[in-house]
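If you want the building blocks of each chain, they are given just below.
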Amino acid sequence: MAIRRKFFAGLTALVSFVLSGAAQATAELNMRPGVTETSLEAFELHMAVIWVMTGIAVVVFGLMIYSMIFHRKSKNPTPATWSHSTTVEFIWTIIPFIILIALTIPAVKLLIKMEDASDPDMSVVVTGSQWKWHYKYMEHDIEFFSNLATPQQRENFSLEEAQNNPNYLLDVDNELVLPANKKVRFLMTADDVIHSWWVPELAVKKDAIPGFINETWTQVPTPGTYRGQCTELCGKWHGFMPVVVKVVTETEFDDWVAQKKEEKIAAEKAAAEAAAQSWEMDKLMELGKTVYDAKCAACHMQNGAGVPPTFPALKGSAMAIEADQINAHIDIVVNGKAGTAMAAFGNQLTDAEIAAVVTYERNAWGNDTGEKVQPADIQAFKAGN
Amino acid sequence: MADHHPTGLKRWLFTTNHKDIGSMYLWFSFVMFIIGGAMAMVIRAELYQPGLQFVDPNFFNSMTTMHGLIMVFGAVMPSMVGLANWLIPMQIGAPDMALPRMNNWSFWILPFAFTLLLSSLFMDGGAPNFGWTFYAPLSTTYGPPSTDFFILGVHMMGISSIMGAINVIVTVFNMRAPGMTLMKMPLFVWTWVITAFLLIMVMPVLAGAVTMMLTDRHFGTSFFDAAGGGDPVLFQHIFWFFGHPEVYIMILPAFGVASEIIPAFARKKLFGYSSMVYATASIALLSFVVWAHHMFTVGMPVAGELFFMIATMLIAVPTGVKVFNWVATMWQGSMTFETPMLFAIAFVILFTIGGFSGVMLAMAPVDFQYHDTYFVVAHFHYVLFPGAIFGTTAAVYYWLPKWTGKMYNEKLGKLHFWLSMIFVNLTFFPMHFSGLAGMPRRIPDYNMMFADFNQLASIGAFGLGLTQILFLAILIKTIWGKAEKSSDKPWDGATGLEWEQLPCPAPYHTFDTPPKVS
């Protein structure tokens, strides 16, 4: 009996040690509780299940360890001969059943709440594509792409970068800005493959599926920046398309909307001016390289060699060299190529940018056609399209 | 009667002997285990620290894909079929499998299937890179050209599995020795019969999925393409209708192994034999109605999510019964802890940990936070490595004397166990934490906040990988090297026809005349 008592005392000490350790290090070991009502409830449910499971583990594994110590051959040379007990078996079928029902009830309630996206204050269409997000505010006539802040090229990802940048792989050029305390409905879809939009602190994760629209929602009480990542394997740069949501107060949000609208008008004006000019070769090449490195190099590589056959080479490609293919070249950049990863850039880039990048592709890496494509050519192409 | 015992290469090519075929299956699965393991080492090396160090993200995706496919279809499933071949005829008192030529064929398809699959690594555009779950349209419209080799490979594996399953069912229902009633069969036979039914039900579904992929890719159909009126989510429904029973296909035979080994070393009859059988059958039946719990984030109607959540949680009941029965078998037994018993006990404990995280994942509102993170990776590796693979390892140690007539080195066996036990937990336990902290699965690079746990997991993985080389060394030493001869009954608590009526090693042909079953 003394040994038995010592054993239990030891076990209790061990369990309490492990638990207190876990409690101190909660921030690193556990799920983040998040900031929304639903995320907090999900966290509570998560903790409840963890404790129930821990309890069951202590009982079951405790019995096993006890048995391994006291029912070994040296301690118990003659084994018992029983091998059946309907009562016991009935009990341990019923008890898990009851525990599961107890867990299911709050889960059902929370699930129904989380899936109720009705009566939103505003709606945002979230479109995933390889490998960026596009946000469109239904009520505000604002839309923009949100890319990883660092261009998606191998050499940009290193241990030093990770150590120097606290938001390594979790930072974008344009955040999704949302007002606090408003019920925001997200309409999720995708252009190419399935992506999944996840922000842990909002407890929102929904797949973005090409050709279908999914619905989810959030209501964030506290301003702040919340970061997440794409969680459905979507190709080569799947790990490099973060989600960043910046929640601001309602007045800040209104200011932001006004500012975005001004920017949009200014950008349209600048684009029109740029398109009206006739561009010199070195200016086209300079802008072309910037655009290429940001938008094209992730697949076609910085040296234009691509990763054939999935991502064809542009260096030496007939389309980028032969003069009679110039329209086909513009077409594929503007409209993309159905059934491949080649996206349509007609709405993502200005006419001047498209002209510059096409020019760049026709003259970089020894393609040297000497041909210039002007913004006016792009306008003409779009007009005749 | 003298043993008819052909020799040389032809013995292995043309054999219809269940023991030869069983050995080939087991060795084949070990080779695949090493290849799939090497790929895991590439993955863990890349994830050892943040930044892209060794491989291109696309190749990383190929590695996670091929690692999964090879481990599931090449290592775990064939190892279970190997055990079935060796053990089922001996355990039910049959002279061989019912369909020996088909048995030969179902094995010999596999090397070709996997050559086809592995050859994709050397093709333009790289190996399949869309995950072992090959979700459309990433695997159809966007898949690399080698996807077609993958499709053909999966078809061949499927044919092999279906034939293996038919063989088990026909053997068990027709070739039992007189007196070996269904409810007297060893649990390993029971779990395998149920597994075989699962295989026959779902492998054709998988074949349908990959055929639809093929026609979507090349013949103008749009099963999974919304632009043509199809639905990418349809793919996931079909895949997981196969995929969830597949999970049990991999684990049920291991349940059977544990139900043989634990009573043997506790020197006490298995507790609740009939409830074990019914629990296994319930798990198998439930596995057909829970598939969409893998898809809680695809945007199902709430009613659908509720159904799949509740049905999934129900699985915990029969699974719990099995675990309680194993514990009750140990209770007041007279246990010794040789290597097979150590692996079997670790199987029960660690599989149960995988079961706990399984219940957590079943709860849809919280699953939104776990889904597609490392928490899921931790969960299924707990049920597959210390689950299915520890189960097979325990079986190999337990029946090795029966197969070879020689005894493995107990000290080395225990060393193999303890190293595996430490490293398997070091590898997979930290993944729970990186998942909860928010690390998505299938990413080659990550933020510093996930660095510590990834480093631990990588160290664990390298250790776990090296430890399995020790296993290979133990096997070689036992089979071909200097090893102690085994007595006919090396485990005093072992029961069943193979231990009670056959010598060690079992002769090439056994039970030419049916044994008497008491």
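Because the structure is predicted, anything quoted here is derived from the model rather than measured. (Residues numbered from 1 in each chain as written. Chains lettered and ligands numbered in written order. Predicted model: local features only at pLDDT ≥ 70, side-chain atom pairs only at ≥ 80, totals over all residues. Heavy atoms only, no water.)

### Regarding the overall build of chain A
Check the secondary structure of chain A and you find eleven helices and ten strands. Rg of the C-alpha trace for chain A: 29 Å, well past the compact-globule value of 21 Å for 385 residues, more than 25% over. Along the three orthogonal principal directions, the C-alpha set of chain A runs to about 95 × 50 × 40 Å. When the 385 residues of chain A are sorted by exposure, 48% land in the buried category. Contacts spanning at least 24 positions in sequence make up 65% of the contacts within chain A whose residues lie at least 6 apart. Of the roughly 18,100 Å² of accessible surface on chain A, a fraction of 59% belongs to carbon and sulfur atoms. Taking the average place of the 32 positive charges on the side chains of chain A and the average place of its 45 negative ones, the gap between the two points comes to 12 Å. (Helix = DSSP H or I, 4+ residues; strand = E, 2+ residues; numbered from the N terminus. Rg over C-alpha atoms; globule rule 2.2 N^0.38 Å. Buried < 20%, exposed > 50% of the residue type's maximum accessible area, 1.4 Å probe, protein only. Contact = heavy atoms within 4.5 Å. Areas by Shrake-Rupley, 256 points an atom, 1.4 Å probe, with all protein chains shown as cover. Lys, Arg positive; Asp, Glu negative; His and termini not counted. Charge placed at Lys NZ, Arg CZ, Asp CG, Glu CD.)

### Some words on the sheet that holds strand S1 (residues 122–129) of chain A
Residue and element names in this part refer to chain A. Spatially, five strands are ordered S3-S2-S1-S5-S8 in an open sheet, and the strand pairing comes out mixed. Two strands in the sheet have a free side with no partner beyond their single neighbour: strand S3 (142–146) and strand S8 (214–218). The sheet shows a mean angle of 25 degrees between the axes of neighbouring strands, taken without regard to direction. Note: strand S5 (residues 184–190) against S8, five bridges, orientation antiparallel. Along S8, the bridge assignment pairs Phe 186 with Thr 216. Packed onto the sheet, helix H6 (residues 250–276) meets S1, strand S2 (132–137) and S3 and runs at close to 90 degrees relative to S3. (Pairing = 2+ DSSP bridges. Axes fitted to C-alpha atoms, helices over the stretch in contact; angles between N-to-C directions.)

### So, empty space enclosed by the protein
A probe matching the size of a water molecule, rolled over the atoms, marks out where space remains unfilled. This model, assessed by the stated rule, comprises six cavities of 30 Å³ or more. Reported here for the largest cavity is a volume of approximately 150 Å³. Around the largest cavity, the lining is made up of 14 residues, and of these A:Thr310, A:Phe311, B:Asn58, B:Asn129 and B:Tyr142 lie nearest the centre. Split into classes, the residues belonging to the lining of the largest cavity amount to seven nonpolar, six polar and one charged. Two domains share the lining of the largest cavity, each providing at least three of its residues, namely domain 2 (122–154 + 161–264) and domain 3 (277–383) of chain A. There is about 120 Å³ of room inside the second largest cavity. A:Thr38, A:Met114, A:Glu115, A:Leu202, A:Ala203, A:Val204, A:Lys205, A:Lys206, A:Thr216, A:Trp217 and B:Phe368 are the residues that line the second largest cavity. (1 Å grid on protein atoms, 1.4 Å probe; cavity = no way out; pocket = protein on both sides within 12 Å on 5 of 7 lines; lining within 4 Å. Points joined across faces, edges and corners; volume = space filled by probe spheres on them. Nonpolar A, V, L, I, M, F, W, Y, C, P; charged D, E, K, R; others polar. Domains from an automatic or database assignment.)

### So, the packing of helix H6 (residues 187–218) of chain B against helix H8 (residues 273–286) of chain B
Residues and elements named next belong to chain B. Axis separation between H6 and H8 bottoms out at 10 Å; the angle between their running directions is 15 degrees. Classified by the angle between their axes, H6 and H8 sit roughly parallel to one another. Both H6 and H8 take part in a crossing whose hand is right-handed. Contact residues: H6 offers Leu 187, Trp 190, Thr 191, Ile 194 and Leu 198, while H8 offers Tyr 273, Met 276, Val 277, Thr 280, Ala 281 and Ala 284. Here the residues of the contact of H6 with H8 sort into nine nonpolar, two polar and no charged. (Parallel < 35°, antiparallel > 145°, perpendicular 65-115°, else oblique. Left-handed = near helix turned anticlockwise from the far one by under 90°.)

### Focus on the side chain of A:Lys205
Among the structural elements, A:Lys205 can be located in strand S7 (residues 204–208). B:Asp367 provides the closest opposite charge to the buried, salt-bridge-free A:Lys205, at an N-O distance of 6.9 Å. When near neighbours in sequence (up to four residues on either side) are disregarded, A:Lys205 contacts A:Ser196, A:Trp197, A:Trp198, A:Thr231, B:Thr297, B:Asp367, B:Phe368, B:Gln369, B:Tyr370, B:His371 and B:Thr373. (Salt bridge = Lys/Arg side-chain N within 4 Å of Asp/Glu carboxyl O.)

### Some details on a nonpolar patch on the surface
On the surface, a cluster of nonpolar side chains totalling about 890 Å² of accessible area is made up of A:Phe90, A:Ile91, A:Ile94, A:Ile95, A:Phe97, A:Ile98, A:Ile101, A:Ile105, B:Ile310 and B:Leu314. Inspection of the secondary structure puts A:Ile95 in helix H4 (residues 86–114). (Patch = residues over 30% accessible without salt bridge, like charges linked within 9 Å, V, L, I, M, F, W, Y side chains within 5 Å.)

### Quick look at the nonpolar core
Membership of the largest hydrophobic core comes to 270 residues, with the highest contact counts inside it found for A:Tyr137, A:Trp197 and B:Phe73. Ignoring anything within four residues of it in the chain, the contact list for B:Phe73 reads B:Pro78, B:Phe114, B:Trp132, B:Met157, B:Met203, B:Leu206, B:Phe242 and B:Glu246. (Core = buried A, V, L, I, M, F, W, Y, C linked by side-chain atoms within 4.5 Å.)

### Considering the UniProt feature "domain: Cytochrome oxidase subunit I profile" (unreviewed entry) in chain B
UniProt records the feature "domain: Cytochrome oxidase subunit I profile" (unreviewed entry) at residues 12–518 of chain B, using the numbering of this structure. Counted over residues 12–518 of chain B, helix gives 68% and strand 0%. Its end C-alpha atoms are 35 Å apart. (UniProt positions renumbered as here; feature names shortened; annotations may be inferred.)

### Quick notes on the interface of chain B and chain A
Facing the 100 residues of chain B at the interface are 91 residues of chain A. For the pair chain B and chain A, the summed buried surface comes to about 8,200 Å²; carbon and sulfur atoms form 70% of the total. Taken together, chain B and chain A are joined by two salt bridges. Residue A:Lys236 pairs with B:Asp56 through a salt bridge whose shortest N-O separation is 3.8 Å. (Buried area = accessible area lost by both parts, 1.4 Å probe.)

### What about helix H7 (residues 281–300) of chain A?
Spacing of three or four residues puts side chains on the same side of an α-helix, whose turn is 3.6 residues. Residue and element names in this part refer to chain A. Counted at 1.5 Å a residue, the expected span for H7 with its 20 residues is 28 Å, but the 22 Å between its end C-alpha atoms falls short. For H7, the principal kink sits at Asp 293 and spans about 50 degrees. Where H7 is concerned, the buried positions are Leu 284, Gly 288, Val 291, Tyr 292, Asp 293, Cys 296, Ala 297, Ala 298, Cys 299 and His 300. Structurally, H7 contributes buried residues whose contacts are with helix H10 (351–363). (Expected span 1.5 Å × (residues − 1). Bend = angle between axes of the 7 residues up to and from the residue.)

### Quick notes on the sheet that holds strand S9 (residues 224–229) of chain A
Residue and element names in this part refer to chain A. An order of S4-S10-S9 is seen for the three strands of this open sheet, with the pairing classed as mixed. What marks the edges here is a single partner per strand, and that holds for strand S4 (176–179) and S9. Strand-to-strand twist of the sheet, defined as the mean angle between neighbouring strand axes without regard to direction, takes the value 25 degrees. Looking at chain direction, S9 and strand S10 (residues 242–248) are connected through six bridges and run antiparallel. Across the sheet, the residue bridging to Gly 224 is Val 247, located in S10. Here H6 sits on the sheet in contact with S4 and S10, set at roughly 135 degrees to S4.

### Looking at the packing of aromatic side chains
Residue and element names in this part refer to chain B. The full count for this structure, using the stated rule, is 74 aromatic pairs over all chains. Judged by centre distance (5.1 Å) and plane angle (80 degrees), the ring pair of Phe 107 and Trp 108 falls under edge-to-face. Judged by centre distance (5.1 Å) and plane angle (35 degrees), the ring pair of Phe 433 and Phe 453 falls under tilted. One end of the pair, Phe 433, is in helix H14 (residues 410–436); the other, Phe 453, is in helix H15 (residues 451–479), and 20 residues separate them in sequence. (Phe/Tyr/Trp six-rings, centres within 6.5 Å; stacked < 30°, edge-to-face > 60°.)

### Focus on the pattern of salt bridges
Residue and element names in this part refer to chain A. Across all of its chains, the model carries 18 salt bridges over all chains by this definition. In this structure, the salt-bridge partner of Lys 113 is Glu 37, at a minimum N-O distance of 2.6 Å. Here the residue Lys 113 occupies a position in helix H4, and Glu 37 occupies one in helix H3 (residues 37–70), the gap between them amounting to 76 residues. Between Asp 293 and Lys 289 there is a salt bridge, with its nearest N and O atoms 3.0 Å apart. Of the two residues, Asp 293 and Lys 289 both sit in helix H7, four residues apart, roughly one turn of that helix. According to the relative accessible area criterion, Asp 293 is buried, its value standing at 16%.

### Topic: the packing of helix H11 (residues 339–362) of chain B against helix H13 (residues 374–404) of chain B
Residue and element names in this part refer to chain B. Two elements in contact, H11 and H13, have axes separated by 8 Å at closest approach and are oriented at 160 degrees. Put simply, H11 runs roughly antiparallel to H13. The interaxial crossing formed by H11 with H13 has left-handed handedness. Considered class by class, the residues forming the contact of H11 with H13 number 19 nonpolar, nine polar and no charged.

### Points about a negative patch on the surface
All names here are of chain A. Together, Asp 116, Asp 119, Asp 121 and Glu 139 line one region of the surface with negative charge. Along the chain, Asp 116 falls in the loop between H4 and S1. Asp 116 gets classed as partly exposed once you look at its relative accessible area, which sits at 37%.

### Notes on the pairing of S2(A)
Residue and element names in this part refer to chain A. Counting buried positions along S2 yields five of six residues, so the element is predominantly enclosed. Relative to S2, S1 runs antiparallel, the two being bridged by six bridges. Its bridge partner being in S2, Gly 128 is matched across the sheet by Trp 133. What sits between the antiparallel neighbours S1 and S2 is a turn of two residues. Of the strand pairs in this sheet, S2 and S3 are connected by five bridges, and their pairing is antiparallel. Across the sheet, Tyr 135 pairs through a bridge with Phe 144, a residue of S3.

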